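One-letter residues, chain by chain:
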Amino acid sequence: MRNSARCVPFARRAPLPPVNRGFFHERNIEKKVAACGGLASAAQKQGRGCHGGQHRTAGSEGLQSLNMRLFPCDRYPLPLPDGHRFPIDKYMLLRRRLEQHAAAGMPLEFIEPHAATDDELLRVHARGYLGRVMAGTLSPEEVRRIGFPWSRELVERSLRSTGAAVDAAAAALEDGIAASLAGGTHHAGTDWGEGFCVFNDTAVAAREMQARGSVERVLILDCDVHQGNGTAEIFADDPTVFTMSMHGARNFPLRKYPSSLDVALEDGTGDDEYLRALAAALAESFDRARADIVLYIAGADPYEGDRLGRLGLTKAGLLERDRMVLAAATTAATPVAIVCGGGYCQDLEAIVDIHAATMLLAAGWPARRESRRSRSGLV
Ligand SMILES: [Zn+2]
């Protein structure tokens, strides 16, 4: 475990701009990353962070500086009719689960996200669509396509979950990794909402980071089981944002806009086949994207128990997926902002298990913590 202290940080790139690519030419980086990833994975299996109790030791010099920043939205309620199929309570349960881990010593910090502003939203969404959402003048067809009844609370919730992705991206650029405890609203396109998505949170975060001059190029890794059609449409003509979607071929949405890279999987695809395809997709995505930040949609819906997923991944397989994404990002020295993506298992605790495992893996990821310590001058 002591070796993990020599793991390579994701990002020593503040202040920004200018974008700082190629700054990171440490030798043997892949060996170090592999060592770090192995440690994290082994520690996770044992139910603890990869540094074990080390963060508490470091904490005596500045525990606060080691926390992973999480942006929850569940305090902004979304009223749904009885029997609605969207499992909205999962977000509250996820926050509570992670708060328990924080109380037990995991380096997690919970921060209220800002409400996305008009300026942020209009970098992605059409003014007319935004106006109809805000004023409650969406057509019945538009409301049906979103799948949630319109309400003032829906608007606030959507603004917060989009703001959470923006905040997580900004935090990731400072800390290496940060996360929204919501979002992954990848079905929302330029002038439409769809499939429980009102605004496209990762698209807004990507454009906002670019507008701030924090990044030039963005990689959106979409591992929700449904294709990221809205994201693909938004960035269809934007070579600065690379979109990768790995999804069920026969799953929603019927109309799949082409991403920069689409990996369509057959029904019932299990861990081995999925992870093999992911390895190839990650290699190609990082190679082609040359990104300054990764926005990772860590959907829980490829899970074998998901009602809408149609794939056959186990919880262990999903955690291995997360580990591979973080390892690839570490190798590329690219910060990662995580958003939750979908999860529609009847058993809400199973959804929470999957998302919580993602967040705990990230919180204990050696390079993240090294990055934060470097920034705060602890090492
Ligand atoms: Zn989904």
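Thresholds applied
Residues numbered from 1 in each chain as written. Predicted model: local features only at pLDDT ≥ 70, side-chain atom pairs only at ≥ 80, totals over all residues. Heavy atoms only, no water. Helix = DSSP H or I, 4+ residues; strand = E, 2+ residues; numbered from the N terminus. Buried < 20%, exposed > 50% of the residue type's maximum accessible area, 1.4 Å probe, protein only. Areas by Shrake-Rupley, 256 points an atom, 1.4 Å probe, with all protein chains shown as cover. Donors = N, O, S within 2.8 Å, 3.2 Å for Na, K, Ca; no water. Tetrahedral: all angles 85-135°; square planar, octahedral: opposite > 155°, others 65-115°. Salt bridge = Lys/Arg side-chain N within 4 Å of Asp/Glu carboxyl O. Expected span 1.5 Å × (residues − 1). Arc of directions from axis to C-beta. Contact = heavy atoms within 4.5 Å. Polar contact = N/O pair within 3.5 Å; in protein donor to acceptor, adjacent residues only side chain to side chain. Axes fitted to C-alpha atoms, helices over the stretch in contact; angles between N-to-C directions. Parallel < 35°, antiparallel > 145°, perpendicular 65-115°, else oblique. Left-handed = near helix turned anticlockwise from the far one by under 90°. Nonpolar A, V, L, I, M, F, W, Y, C, P; charged D, E, K, R; others polar. Phe/Tyr/Trp six-rings, centres within 6.5 Å; stacked < 30°, edge-to-face > 60°. pLDDT = per-residue confidence, 0-100. Disulfide = S-S within 2.5 Å. Pairing = 2+ DSSP bridges.

A closer look at the overall build of the protein
At step 1: Per the secondary structure count, the protein includes 13 helices and eight strands.
At step 2: Counting the 379 residues in the protein, one finds 61% classified as buried.
At step 3: On the protein, roughly 14600 Å² of surface is accessible, and the fraction owed to carbon and sulfur atoms is 50%.

What about the side chain of T334?
At step 1: If you trace the backbone, T334 turns up in the loop between α11 (315–331) and β8 (336–339).
At step 2: The buried category is assigned to T334, whose relative accessible area is 2%.

A few points about the coordination of the zinc ion
At step 1: Every protein donor of the zinc ion is listed here as D224 (OD), D224 (OD), H226 (ND1) and D301 (OD), and their distances to the metal cover 1.9 to 2.6 Å.
At step 2: Seen from the zinc ion, its four donor atoms lie at angles of 55 to 157 degrees, and the figure they make is irregular.
At step 3: Counting residues between consecutive donors of the zinc ion along the chain gives the motif D-x1-H-x74-D. Taken together, the positions of D224 in the loop between β4 (218–222) and α9 (229–234) and D301 in the loop between β7 (293–297) and α11 put the pair 77 residues apart, joining distant regions of the chain. With respect to burial, D224 and D301 carry one shared label: buried.

A short note on the pattern of salt bridges
At step 1: Under the criterion given, the structure shown has 22 salt bridges.
At step 2: Across the pair E99 and R95 runs a salt bridge whose closest N-O atoms are separated by 3.0 Å. Residue E99 and its partner R95 are both found in helix α3 (residues 89–103); the two are separated by four residues, about one turn of the helix.
At step 3: Given the relative accessible area of 29%, E99 is considered partly exposed.

Looking at helix α10 (residues 271–289)
At step 1: Under the 1.5 Å per step criterion, the end-to-end length of α10 is 25 Å for 19 residues, consistent within 8% with the ideal 27 Å.
At step 2: Among the residues of α10, those classed as buried are D271, Y274, L275, L278, A281, L282, S285, F286 and A289. Looking straight down α10, one finds that the buried residues subtend no more than 125 degrees of arc, so they occupy a single side. Counted as exposed and oriented over 90 degrees from the buried face of α10: D272, R276, A283 and D287.
At step 3: Its buried side turned inward, α10 meets β4, β5 (241–248), β6 (261–265), β7 and α11.
At step 4: Once α10 ends, the next one or two residues include R290, with phi positive near 45 degrees.

Some remarks on the side chain of Q227
At step 1: Residue position: Q227 is located in the loop between β4 and α9.
At step 2: Its relative accessible area of 0% is what places Q227 among the buried residues.
At step 3: Engagement of the side chain of Q227 in a polar contact is seen with the side chain of S259, the distance being 3.4 Å.
At step 4: Among residues more than four places away in sequence, those in contact with Q227 are H186, H187, S245, H247, F252, P253, K256, Y257, S259 and D262.

A word on the packing of α3 against helix α12 (residues 348–363)
Axes are the key here: two packed helices are described by the angle between their axes and the distance separating the axes.
At step 1: Taken N-terminus to C-terminus, the directions of α3 and α12 make an angle of 50 degrees; their axes are 9 Å apart at the nearest point. With respect to α12, the element α3 is oriented oblique. In terms of crossing hand, the pair formed by α3 and α12 is right-handed. Seen from α3, the contacting residues are D89, K90, L93, L94, R97, L98 and H101; seen from α12, they are L348, E349, I351, V352, D353, H355, A356, M359 and L360.
At step 2: When grouped by side-chain class, the residues that make up the contact of α3 with α12 number nine nonpolar, two polar and five charged.

Let's talk about the packing of aromatic side chains
At step 1: Under the definition given, this model contains eight aromatic pairs.
At step 2: A ring pair is formed by F86 and F148, whose centres lie 5.2 Å apart and whose planes are at 85 degrees; its orientation type is edge-to-face. Here the residue F86 occupies a position in the loop between β1 (68–71) and α3, and F148 occupies one in the loop between α6 (140–146) and α7 (152–175), the gap between them amounting to 62 residues. For the pair F86 and F148, one class covers both residues: buried.

Observations concerning the confidence of the model for the protein
At step 1: Residue-level pLDDT values for the protein average 85, and 80% of them are 70 or greater.
At step 2: Contacts of residues 1–65 to residues separated by more than four positions or lying in other chains number 120 contacts, the stretch itself having pLDDT below 50.
At step 3: When the criterion is pLDDT under 50, residues 375–379 qualifies, and its contacts beyond four places in sequence or with other chains add up to eleven contacts.

Here's the deal with the state of the cysteines
At step 1: Evaluated as defined, the whole model comprises zero disulfides.
At step 2: C73 forms no disulfide, and the closest cysteine sulfur to it belongs to C340, at a distance of 9.1 Å.

Regarding α7
At step 1: Between its first and last C-alpha, α7 extends 34 Å over 24 residues, near the 34 Å set by a 1.5 Å rise per residue.
At step 2: Positive backbone phi, approximately 100 degrees, marks G176, located one or two places after α7.

Quick notes on the sheet that holds β6
At step 1: Strand order in this open sheet of eight strands is β2-β1-β3-β8-β7-β4-β5-β6, and the pairing throughout is parallel. Looking at the sheet topology across the chains shown, the edges are occupied by β2 (108–110) and β6. Pairwise comparison of adjacent strand axes, ignoring direction, gives a mean angle of 15 degrees for this sheet.
At step 2: Across four bridges, the pairing between β7 and β8 is parallel. Within β8, the residue paired with Y296 across the bridge is I338.
At step 3: With respect to the sheet, α7 is in contact with β1, β3 (177–180), β7 and β8, its orientation differing from that of β3 by roughly 175 degrees.
At step 4: On top of the sheet, α10 reaches β4, β5, β6 and β7; it is set at about 170 degrees to β5, its chief contact.

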